[in-house]
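Descriptive analysis of the structure
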Amino acid sequence: MTDTRVAIIGAGPAGMLLSHLLDRAGIDNVVLEQQSRSYVLGRIRAGVLESGTVETLREAGLGNRMDAEGHVHDTINIAWRGEDVLSVNTFELLGKTMMAYGQTRIQEDLYTAADERGARVVFQAQDVQLHDIASDHPSVTFDTGAGSERLSCEFIAGCDGFHGVSRTHIPDHVRTDYDKVYPFGWLGILSETPPLPILLYANHERGFALCSMRNPMLSRYYVQAPLTDRIEDWSDDRFWDELLTRLPESQSSRIVTGPSIEKSLAPLRSHVSEPMRWGNLFLAGDAAHIVPPTGAKGLNLAVADVRYLSQALIAHYAGDGTGLEDYSATALRRVWGAVRFSWWMTTLLHRFPDQTAFDQRAQEQELSYVASSAHAQAALAEQYVGLPYS
Ligand code: RFL
Ligand code: PHB
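A few points on the structure. Predicted model only: the values in this text are computed from it and were never measured.

Rules behind the numbers
Residues numbered from 1 in each chain as written. Chains lettered and ligands numbered in written order. Predicted model: local features only at pLDDT ≥ 70, side-chain atom pairs only at ≥ 80, totals over all residues. Heavy atoms only, no water. Near = heavy atom within 4 Å. Polar contact = N/O pair within 3.5 Å; in protein donor to acceptor, adjacent residues only side chain to side chain. Areas by Shrake-Rupley, 256 points an atom, 1.4 Å probe, with all protein chains shown as cover. Helix = DSSP H or I, 4+ residues; strand = E, 2+ residues; numbered from the N terminus. Nonpolar A, V, L, I, M, F, W, Y, C, P; charged D, E, K, R; others polar. Expected span 1.5 Å × (residues − 1). Bend = angle between axes of the 7 residues up to and from the residue. Axes fitted to C-alpha atoms, helices over the stretch in contact; angles between N-to-C directions. Parallel < 35°, antiparallel > 145°, perpendicular 65-115°, else oblique. Contact = heavy atoms within 4.5 Å. Pairing = 2+ DSSP bridges.

**Let's talk about the site of ligand 1**
Looking at ligand 1, there are 32 residues lining it, with Glu33, Arg43, Gln103, Asp286 and Leu299 nearest. Residue Ala296 places a main-chain N or O atom 3.3 Å away from an oxygen atom belonging to ligand 1. At 3.2 Å from an oxygen atom of ligand 1 is found a main-chain nitrogen or oxygen belonging to Gly298. Relative to its free-state accessible area of 1000 Å², ligand 1 is covered by the protein chains to the extent of 89%. Of all elements in the fold, only α1 (13-24) and α9 (298-317) reach the threshold of two or more residues within the shell around ligand 1. Per element, the largest residue contribution to the shell around ligand 1 is 4 residues, and it comes from α9. Here the residues of the shell around ligand 1 are counted per class, giving 15 nonpolar, 11 polar and 6 charged.

**Details of helix α10 (residues 322-349)**
Because the α-helix completes a turn every 3.6 residues, residues three or four places apart line up on one side. Its 28 residues place the ends of α10 41 Å apart at the C-alpha level, agreeing with the 40 Å of an ideal helix rising 1.5 Å per residue. When the local axis directions of α10 are compared, the greatest deviation, roughly 40°, occurs at Ser328.

**Observations regarding the packing of α10 against helix α11 (residues 357-372)**
At their nearest, the axes of α10 and α11 sit 9 Å apart, and the two run at 115° to each other. When the interaxial angle is binned, α10 and α11 end up roughly perpendicular. Residues Trp344, Thr347, Leu348 and Leu349 of α10 form the contact with α11, whose own contacting residues are Gln363, Glu366, Leu367 and Val370. Across the contact of α10 with α11, the residue classes break down as 5 nonpolar, 2 polar and 1 charged.

**Some details on the sheet that holds strand β8 (residues 120-122)**
The strand order across the open sheet built from 6 strands is β8-β2-β1-β12-β19-β18, with neighbouring strands paired in mixed fashion. Because the sheet does not close on itself, it has two edges, and the strands there are β8 and β18 (277-278). The pairing of strand β1 (residues 6-9) with strand β2 (residues 29-32) spans 4 bridges and is parallel. Each bridged residue has a counterpart across the sheet, and for Val6 the counterpart in β2 is Asn29.

**Digging into the site of ligand 2**
Around ligand 2 sit 13 residues, and of these Tyr201, Ser212, Arg214, Tyr222 and Pro293 come closest. The contact in question runs from an oxygen atom of ligand 2 to an N or O atom on the side chain of Ser212, over 2.6 Å. At 2.7 Å from an oxygen atom of ligand 2 is found a main-chain nitrogen or oxygen belonging to Pro293. About the coverage of ligand 2: the protein hides 97% of its 280 Å² of free accessible area. For the shell around ligand 2, the elements supplying multiple residues, two or more each, are β15 (209-215) and β16 (218-225).

Below, the structure is given as structure tokens:
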């Protein structure tokens, strides 16, 4: 017996957007999430949306609050040597813009939309296990405290993030993992202060810094920090001192400081797991790949995967299975583009513990080159704002 057509593991942005798009096409689905709803909503993560993500959310009928409350960005600013500030305007170069709109808000919008359509989302589903993936009768078992339950389905969408279980069900002889771990993390804070009105990345001899925003009274700032640091080592005063030191005077003088309302240290890594399909299991989002946040790509890639996967499933139920056949290859082309770009941005903007004088000069030369070349700026702009979907 089939309980649903698509079992979706994970109610993060990837899983909930997939459920939304499938429901709109009349394709029955159930979402299984191991955490509580409030836990998922409390995670502070991404903030910058590519133009294609903004369009995808609008087309899905999820754009109203984003358009009302989000902040349109058309410029990527990069500071280095404590003085030079390069501004790359994506609208002038490409006619496209980005949007500052927090992942927390997107998650709220997705849950509100799910409530409105009566979507089946099971929270606190423990011990999720996938069965008979390579057969035409896959199923998922889970436990919500009332004993083990089984959900039969036609397809499983593994949208359960980097620490999820779906990826591990692809046999070792089929799966290849590509990894790069960076020797530092990002210490991020949220503060209820007016943000710097621009998106600013800074390369400084004391390390990377980033100024971003959530809304006119909510700022998001990050500084590069050793992974061995503990949150308790970073008082608010220390954070602000470090941030201001790493910015050029022209920008640090504009920063409004105040108490932090959230503080966290995130490691940086690149990871790709191939293929993104095994039998009737399809991976999407962080379940298949993660990137360091420097290129602002993680959430955007999750949205792109879900866009491809939803279109392929909709075509399948209309009688055309080619999209499902091509899904892994199509998604991975975009993934590797974003992985390369995020690695490049990370390498360009951070201080590495083992950086030699040679590395340092090469990094400065690359920044000078980008600053002096309209072509290099166009390459940066088109990747940052997001390449067209294939
Ligand atoms: P998520 O958000 O991790 O959601 C996966 C969900 O699956 C659940 N889960 C399970 N459920 C059932 N059974 C299991 N066994 C399960 N295991 C896990 C989890 O509880 C969770 O609810 O993955 P998804 O949906 O693929 O979304 C990916 C994005 O969250 C992520 O890529 C971004 O947040 C990355 N990211 C950024 N992306 C951008 O596009 N732009 C940015 O500006 C940006 N900034 C960032 C970021 C990530 C950061 N951190 C903290 C990692 C900044 C930071 C600091
Ligand atoms: C954020 O606003 O949280 C943010 C912005 C740009 C990034 C990463 C994170 O590259």
